[in-house]
Amino acid sequence: MNDYFLYKDQPIIIELRERLTPIISELVDSRFDHDSLYKAQMKLLEELLTFEENIQAAKKEYAETRRATDEIAVKQLSKKGYLSEIEKEEINIYHKKADSLDFSVKLLRYGHWFIRYVADGIAWHAYSSNRTKIRALGSKEAVSFLSGKEGLASETEMLNKIKGLGTDWLPILHDLTNCLRIGDISIFWKSQLIDIIDVKANGVISVWSSEEKLGGRIKRQKQKLDRLWKFFETDNLSDIYPELWGRALHAKTIEKHNFEAISIVMRKARRNGYGFVEPESGILYLAWHLDKCDENIALRKAMQKIPHIFQSTITFRTIQPRYDDYHSSLPITAMELPAIDILDLSFGRIAVLTILNFDLFEKRCGYYGLPLHVIKNDKEFKFLVSKPFSGEVQEGLWNRLMLEGLSIESFCSLVKSIFKEIELQPISTP
């Protein structure tokens, strides 16, 4: 979605960036240690509740404005059967005000989502970027507003109690994020996950709680936590997806990202208005500063300096926050980038495009021992892998290359590792 381009110059979002800058800077400077992760959550919680209050006020004013408009029209039409030019103008003014308020609500909702997007980065660091666990925790609907949630005060009190146990302890508040949706709080001790709890006004449900005295809805919540925890221990998909069987897929490879290359092109964009770099054969990162350079100029400069990227079919994606999408993908706020890069990428000051040349990509994959071929037609393209592996690379893996800065070398290792694991076991995936 292009919301971040639509909203980036709005005063509310500019002000939000100013307030979030010290939070993100402190997280990066402290290398995301436990204390900074905890303090950032408390500050983000305050920001989130403020946005919720403003959203509710804007929604109320919008409803009142619409009601006033309808009342004028109904009253005058029932009285004399028509609207005068003055009355039409008055109604038109109300309509414009309503449209403005409607946009304000959408803008505030985006800011509300983005605060949680920053918290997603905190969750990813706490979970050591364990995508499997984060996806499992995200398999239900998110809580829309924290301020209307029963037991928020109890959750906040529990956060403080857990952190008060010492520097080795870290609680993560799930409802502060977009990506963690099962349970209320994850508890880490010395960077190890030791518990997931649901906090109630009259007590706490833990994965270690006894079910004997539980009943109804609370018992079902406890059973959901138990299934989740069992999955974490066994990797058996049927523990959280009863209709599936087999073990979850894990790539037994160290992931490398082109974060340094992304940072380089962003530094160039700040200095010159645009920048580009080809860290691996076939993949190009192109950046431009939206206040200094047009994307067409940046693209033309890249085509002049690195023409071989554009001499056959390419595809491209923008690295940006994806509003309400990809909640289980690596957020920009968890990428190993300087704070200024995270902020400029997240708030649309600098745009970064991942450009991939299909022919060069195929050759690079072959170099790393992955026989991958791109099948193209007018509407789509597919990535098929031939023997000794066999199958199609799906969008989730492809997004990691295009949206998360994953290197081609790691992409190939990841795909090969997954195919080898599939060969060892029959498996069905969600």
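One can find the structure itself at the top, above this paragraph.
Numbers given for residues are sequential positions, taken from 1 along each chain in its written order. In view of the model being predicted, local features appear only for residues whose pLDDT reaches at least 70, and side-chain atom pairs are presented and counted only at 80 or more, with totals across whole chains, interfaces and linings using the full set of residues. By convention in this description, side-chain values take in all heavy atoms of the structure and omit both hydrogens and water.

### Thoughts on a positive patch on the surface
Piece 1. A surface patch of positive charge is lined by Lys-140, Arg-217, Arg-220, Lys-224 and Arg-227.
Piece 2. Mapped onto the elements of the fold, Arg-220 is located in helix H7 (residues 216–234). Residues enter patches when their relative accessible area tops 30% and they take part in no salt bridge; the joining distance is 9 Å for like charges and 5 Å for the nonpolar side chains Val, Leu, Ile, Met, Phe, Trp and Tyr. For the accessible areas, the method is Shrake-Rupley and the probe is 1.4 Å, while residue cover comes only from the protein chains on display. Salt bridges, as used here, are contacts in which a Lys or Arg side-chain nitrogen is within 4 Å of a carboxyl oxygen on Asp or Glu. We count Lys and Arg on the positive side and Asp and Glu on the negative side, and we leave His and both chain ends out. The location of each charge is read from NZ of Lys, CZ of Arg, CG of Asp or CD of Glu. Helix and strand assignments follow DSSP, with helices taken as H or I runs no shorter than four residues and strands as E runs no shorter than two, numbered in order from the N terminus.

### Observations concerning the sheet that holds strand S4 (residues 203–206)
Piece 1. Pairing is antiparallel in the open sheet, where four strands are placed in the order S1-S2-S3-S4. The two strands at the open ends of the sheet, each matched to only one other strand, are strand S1 (169–173) and S4. Averaged over all pairs of adjacent strands, the angle between strand axes in this sheet comes to 30 degrees, irrespective of strand direction.
Piece 2. Any two strands with at least two DSSP-identified bridges between them are counted as paired. Across four bridges, the pairing between strand S3 (residues 192–200) and S4 is antiparallel. In the sheet register, Asp-198 faces S4, and the bridge partner there is Ile-205.
Piece 3. Packed onto the sheet, helix H6 (residues 152–163) meets S1, strand S2 (185–189), S3 and S4 and runs at close to 160 degrees relative to S1. Working convention: axes come from line fits to C-alpha atoms, limited for helices to the stretch in contact. Angles between N-to-C directions cover 0 to 180 degrees. Throughout, a contact is declared for two residues whenever any of their heavy atoms are within 4.5 Å.

### Remarks on helix H8 (residues 259–272)
A turn of α-helix holds 3.6 residues, and therefore any two residues three or four places apart point the same way.
Piece 1. Multiply 1.5 Å by the residue count of a helix minus one, and that product is the helix's expected span. A rise of 1.5 Å per residue sets the reference length of H8, with its 14 residues, at 20 Å; its end C-alpha atoms lie 20 Å apart and thus fit the reference within 8%.
Piece 2. The buried label applies to any residue whose accessible area, calculated with a 1.4 Å probe on protein chains only, is under 20% of its type's maximum; exposed applies above 50%, and partly exposed to all values in between. Restricting attention to buried positions, one finds in H8 the residues Phe-259, Ala-261, Ile-262, Ser-263, Val-265, Met-266 and Ala-269.
Piece 3. Summarising the contacts, the buried residues of H8 are in contact with strand S5 (274–280), strand S6 (283–289), strand S7 (314–319), helix H10 (339–346) and strand S8 (350–357).
Piece 4. With its phi angle positive at about 100 degrees, Gly-273 sits one or two positions after the end of H8.

### Considerations on empty space enclosed by the protein
Unoccupied space between atoms shows up once a probe the size of one water molecule is rolled over them.
Piece 1. Detection works on a 1 Å grid of protein atoms alone, calling trapped sets that fit a 1.4 Å probe cavities and calling open sets with protein on both sides within 12 Å along at least five of seven lines pockets, with lining residues defined by an atom within 4 Å of a point. Grid points are joined across faces, edges and corners, and a volume is the space filled by probe spheres set on the points. Here the structure, examined in full by the defined rule, presents five cavities of 30 Å³ or more.
Piece 2. In this model, the second largest cavity occupies a volume close to 50 Å³.
Piece 3. Forming the boundary of the second largest cavity are Arg-116, Lys-140, Glu-141, Ala-142, Val-143, His-174, Asp-175, Thr-177, Leu-180 and Arg-181.
Piece 4. Nonpolar residues are Ala, Val, Leu, Ile, Met, Phe, Trp, Tyr, Cys and Pro. Charged residues are Asp, Glu, Lys and Arg, and all others, Gly as well, are polar. By residue class, the composition of the lining of the second largest cavity is three nonpolar, two polar and five charged.

### Side note on the packing of aromatic side chains
Think of a pair of aromatic rings as described by two things: how far the centres are apart, and how the planes are tilted against each other in angle.
Piece 1. Only centres within 6.5 Å qualify two rings of Phe, Tyr or Trp (six-membered ring in Trp) as a pair; their planes then separate them into stacked at under 30 degrees, edge-to-face at over 60, and tilted for everything else. This structure, assessed with the given rule, holds 24 aromatic pairs.
Piece 2. For the pair Phe-114 and Phe-347, a centre-to-centre distance of 4.7 Å together with 55 degrees between the ring planes defines the contact as tilted. Taken together, the residues Phe-114 in helix H4 (residues 85–126) and Phe-347 in the loop between H10 and S8 connect sequence positions 233 residues apart. Take Phe-114 and Phe-347: they sit in the same class, and that class is buried.
Piece 3. On the basis of an interplanar angle of 85 degrees and a centroid distance of 6.1 Å, the ring pair of Phe-361 and Phe-383 is categorised as edge-to-face. One end of the pair, Phe-361, is in helix H11 (residues 358–367); the other, Phe-383, is in strand S10 (residues 381–385), with 22 residues separating them in the sequence. Here Phe-361 and Phe-383 have matching classes, each one buried.

### So, unusual backbone geometry
Piece 1. Cis geometry is found at the peptide bond from Lys-387 to Pro-388, where omega equals 10 degrees.
Piece 2. Counting through the fold element by element, Pro-388 comes out in the loop between S10 and strand S11 (391–393).
Piece 3. Residue Arg-31 is not a glycine yet carries a positive backbone phi of 60 degrees.
Piece 4. Along the chain, the position of Arg-31 falls in the loop between helix H2 (11–29) and helix H3 (34–80).
Piece 5. Accessibility expressed as a relative area gives 74% for Arg-31, which makes it exposed.
Piece 6. At Ser-128, a position not held by glycine, the phi torsion is positive, near 50 degrees.
Piece 7. In this structure, Ser-128 sits in the loop between H4 and helix H5 (131–137).
Piece 8. Residue Ser-128 is classed as exposed on the basis of its relative accessible area, which comes to 58%.

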